[in-house]
Amino acid sequence: MEHAFEAEGLVKRYGKTTALAGIDLAARPGTVLGVLGPNGAGKTTAVRILATLLRPDGGRATVGGLDVVRHAARVRRMIGLTGQYASVDEDLTGTQNLVLIGQLLNLRTAEAKVRAAELLAEFDLTEAAGRPAKTYSGGMRRRLDLAASLVGRPDVIYLDEPTTGLDPAKRDDIWNQVRSLVADGATVLLTTQYLEEADALADEISVIDHGRVIAHGTPASLKAVVGGQTILVRPADPARLADAAGVLAAVSGHQPESPSRGVVTVPVDGDAAFTEVVKRLDLLGIGVTELSLRLPSLDEVFFSLTGQHTERAEEVAA
Amino acid sequence: MTITAERVLPAPVAPRPFGLVRHSLALARRSLIKTLRSPEQLLDVTLQPVVFVVVFVYLLGGAVSGSTHDYLQLLLPAIMVQTTVFGGMATGVNLNTDIRKGVFDRFRSLPIGRSAPLIGSVLGDLIRYVVAVVSLFAFGYVLGFRVETDLLSALAACLLVILFAFSLSWAFVLVGMLAREPGAVQGIAFLALFPLTFGTSMIAPAATMPDWLRSWVAVNPVSHVMDASRGLLLGGPVAGPVLWSLFWSAVFVLVFGPLAVRAYRRRT
């Protein structure tokens, strides 16, 4: 079997709205597939179909070679799901949540307790194990949620925007957990709105928009298309924006853009360009309040792939 | 299965028998924990019936039975039925609330029977009926209610009332699966519960009612349960009312149970 999970031409409609317009997703065993897209692109719908929660209107999906509709019960033995919102029971304690899942997975109560304690320790929740989940912080809930999806040691794990709304330190915790899952041999489908997250974790990335895959490849190949890194400059004196743009153009050889007022950005190929930009800004006496080297945002990825901004960005701009 | 071959699987999921029963019981325990953690959810089966008893006994007792004590004897076995039947509404409302949260997505993604989460909730909520019956008896005894038969008959009355409420609660589960929001569940349930519980001889003898209402009282399943409860607690004929109660209980489970599970499957 070549793929741990595979979706071919998935279609899902809600009334007149088409959530998925024939989407293909697949990952080889032991790899991470990043599904990158804005809100409403169809990420969650695709995950719900692969997790047997929704029936597709067209196309097919398999997990471990088994059809998710015809063999739903057997597929459910192989998967773990972590939803966009933490799907734990707020009234139950951390331990009770995990023991319940263990019992539902046919562990004996004693085994379920051992497994719960193991996972709570692994996710640094031992101290909070006896408290109701509603007293947990956002990061703790996400960790408990992730732990809950791992009780049955699934082969395939779906993580639907697992770090949305988390601060960077907590996000790193989740990232490390994902890496260790993959090291143990699991296959992961990770949806995200951040190229940075997909870049950090995924072996391959599918970019989706309006229910279609608009680009697919390794992080490196995707970055080659959308521009690897971007330098952003915000001059202290807005009048010198044109001068700063001139510096960026000269160093990168590309035409800089001004995504928002008082800021210019340009894609660059390597870190060396950054040092050069700093030198030239200094030489020309252009003071800056912001200067950064970063991966393109989702909006910039979309702009370079489709020539259009994401709808959300348009709404913000409007 | 090449994926699992390299992984260390400590034989976690060996098939064990009676899966549906075990899963339902585990989920029932979850409902129980949730109820006990927020006891204010039990107000409808503790404080509310006490208020009803006080209002009816002191407002109507003299007029209907000539004395508040005689009226209390007549009312309490019937109020017990009304309270437990109303108590089942919460199962539908809670399930409707629950199902919109992520935790039900998790249950659906697990290899368990589709009916297990519903059976679990209905079983867990049995605690509500037990609490209702106990608090009514305690309060009734303080006011002077006395069982006129024996302990065994009284226990049988309690069990019958609880069984009936449990069976009827499947109808509320069905409403909970079909309605869009918890408020709607409550609205629909109330509409059905008023004729069912007040269209009886609970607060006044049926003989005083107009013909059309008396015909309804005669066929109303809740009337039979109230008659059975009175018979078992106060004496008098019980065989007919008890059999009718058991018959209706079976009908409700067999009709509304499968319909509720089907509605749950279809809901996304």
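Residues numbered from 1 in each chain as written. Chains lettered and ligands numbered in written order. Predicted model: local features only at pLDDT ≥ 70, side-chain atom pairs only at ≥ 80, totals over all residues. Heavy atoms only, no water.

Undergrad: What should I look at first to understand the overall build of chain A in this one?
TA: Check the secondary structure of chain A and you find 12 helices and 13 strands. C-alpha extents for chain A along the principal axes are approximately 70 × 45 × 35 Å. When burial is assessed residue by residue, chain A has 51% of its 318 residues classed as buried. Counting contacts in chain A only where the partners sit at least 6 residues apart, residues at least 24 apart contribute 66% of the total. Carbon and sulfur atoms provide 50% of the accessible area of chain A, an area that totals close to 13900 Å². Mean positive and mean negative side-chain charge positions of chain A (33 and 41 charges, respectively) differ by 6 Å. (Helix = DSSP H or I, 4+ residues; strand = E, 2+ residues; numbered from the N terminus. Buried < 20%, exposed > 50% of the residue type's maximum accessible area, 1.4 Å probe, protein only. Contact = heavy atoms within 4.5 Å. Areas by Shrake-Rupley, 256 points an atom, 1.4 Å probe, with all protein chains shown as cover. Lys, Arg positive; Asp, Glu negative; His and termini not counted. Charge placed at Lys NZ, Arg CZ, Asp CG, Glu CD.)

Undergrad: What should I look at first to understand the sheet that holds strand β11 (residues 229–235) of chain A in this one?
TA: Strand pairing in a sheet relies on backbone hydrogen bonds, with the paired strands running either antiparallel or parallel. Residues and elements named next belong to chain A. Read from one edge to the other, the open sheet built from 3 strands follows the order β12-β11-β13, with strand pairing classed as antiparallel. Each end of this open sheet is capped by a strand with a single partner; those strands are β12 (264–268) and β13 (288–294). When the angles between neighbouring strand axes are averaged without regard to direction, this sheet yields 15 degrees. Pairing analysis gives 5 bridges linking β11 to β12, with the strands arranged antiparallel. Residue Q229 lies in a different strand from β12, and its bridge partner there is V268. Packed on one face of the sheet, helix α9 (residues 241–252) meets β11 and β12 and runs near 5 degrees to β12. (Pairing = 2+ DSSP bridges. Axes fitted to C-alpha atoms, helices over the stretch in contact; angles between N-to-C directions.)

Undergrad: What is the right way to read the side chain of T187 of chain A from this model?
TA: Relative to the elements of secondary structure, T187 of chain A occurs in strand β8 (residues 187–192). Only 3.0 Å separates the side chain of T187 of chain A from the backbone nitrogen of G30 of chain A, close enough to count as a polar contact. (Polar contact = N/O pair within 3.5 Å; in protein donor to acceptor, adjacent residues only side chain to side chain.)

Undergrad: Mind showing me how you'd approach helix α1 (residues 43–50) of chain A here?
TA: Residues spaced three or four apart along an α-helix point in a common direction, a consequence of the helix completing one turn every 3.6 residues. Residue and element names in this part refer to chain A. Of all 8 residues in α1, 7 are buried; the element is thus mostly enclosed. The complete set of buried residues in α1 reads K43, T45, A46, V47, R48, I49 and L50. Following α1 by one or two positions, T52 has its phi on the positive side, about 70 degrees.

Undergrad: How should I be thinking about the pairing of strand β7 (residues 156–160) of chain A in this particular structure?
TA: Residue and element names in this part refer to chain A. A large share of β7 lies buried, amounting to 5 of its 5 residues. Taking every second residue as pointing to the same face, both faces of β7 are buried, with V156, Y158 and D160 on one and I157 and L159 on the other. When strand β6 (residues 79–82) meets β7, the two strands line up parallel, connected through 4 bridges. Among the inter-strand pairings, T82 is bridged to a residue of β7, identified as L159.

Undergrad: What am I meant to see in the pattern of salt bridges here?
TA: Oppositely charged side chains can form a pair if their charged atoms are brought close together. Under the counting rule described, the total for this entry stands at 23 salt bridges over all chains. One salt bridge connects E276 of chain A with R280 of chain A, and the closest N-O pair in it is separated by 3.1 Å. Note that E276 of chain A and R280 of chain A are positioned in helix α10 (residues 272–283) at a spacing of 4 residues, about one turn of the helix. Taking the relative accessible area as the measure of exposure, R280 of chain A reaches 34% and is therefore partly exposed. Through salt bridges that share partners, D89, D91 and K134 of chain A together with R30, K34 and D98 of chain B make up one connected network. (Salt bridge = Lys/Arg side-chain N within 4 Å of Asp/Glu carboxyl O.)

Undergrad: Sorry, what's going on with the interface of chain B and chain A here?
TA: One frequently used descriptor of interface size is the decrease in accessible area upon assembly of the parts. On the side of chain A, 43 residues touch chain B, which itself brings 32 residues to the contact. Summed over both partners, the interface of chain B with chain A comes to about 3500 Å²; 57% of that surface belongs to carbon and sulfur atoms. On the surface where chain B and chain A come into contact, there are 5 salt bridges. The partner of D105 of chain B in a salt bridge is R48 of chain A, with the nearest N and O atoms 2.7 Å apart. Counting the contacts that link chain B with chain A gives 13 residue pairs in polar contact (both at pLDDT 80 or more). (Buried area = accessible area lost by both parts, 1.4 Å probe.)

Undergrad: Looking at this structure, how should I read the packing of helix α2 (residues 19–37) of chain B against helix α7 (residues 116–124) of chain B?
TA: For any two helices packed against each other, the geometry comes down to the angle between their axes and how far apart the axes lie. All names here are of chain B. Between α2 and α7, the least distance of the axes is 7 Å, while the angle of their chain directions is 50 degrees. Viewed along their axes, α2 and α7 adopt a mutual orientation that is oblique. Classified by chirality, the crossing of α7 by α2 is right-handed. Each of L20, H23, S24, L25, L27, A28, S31 and L32 in α2 lies in contact with α7, whose residues at this interface are A116, P117, I119, G120, S121, L123 and G124. By residue class, the composition of the contact of α2 with α7 is 9 nonpolar, 6 polar and no charged. (Parallel < 35°, antiparallel > 145°, perpendicular 65-115°, else oblique. Left-handed = near helix turned anticlockwise from the far one by under 90°. Nonpolar A, V, L, I, M, F, W, Y, C, P; charged D, E, K, R; others polar.)

Undergrad: Any chance you could explain unusual backbone geometry here in plain terms?
TA: In most cases, non-glycine residues show a negative phi, while peptide bonds are predominantly trans. Residues and elements named next belong to chain A. In the Ramachandran plot, N106 falls in the positive-phi region, its phi being about 70 degrees despite a non-glycine side chain. Within the secondary structure, N106 sits in the loop between α3 (94–104) and α4 (109–122). Positive phi outside glycine occurs at E161, with the angle close to 45 degrees. Mapped onto the secondary structure, E161 falls in the loop between β7 and α6 (168–183).

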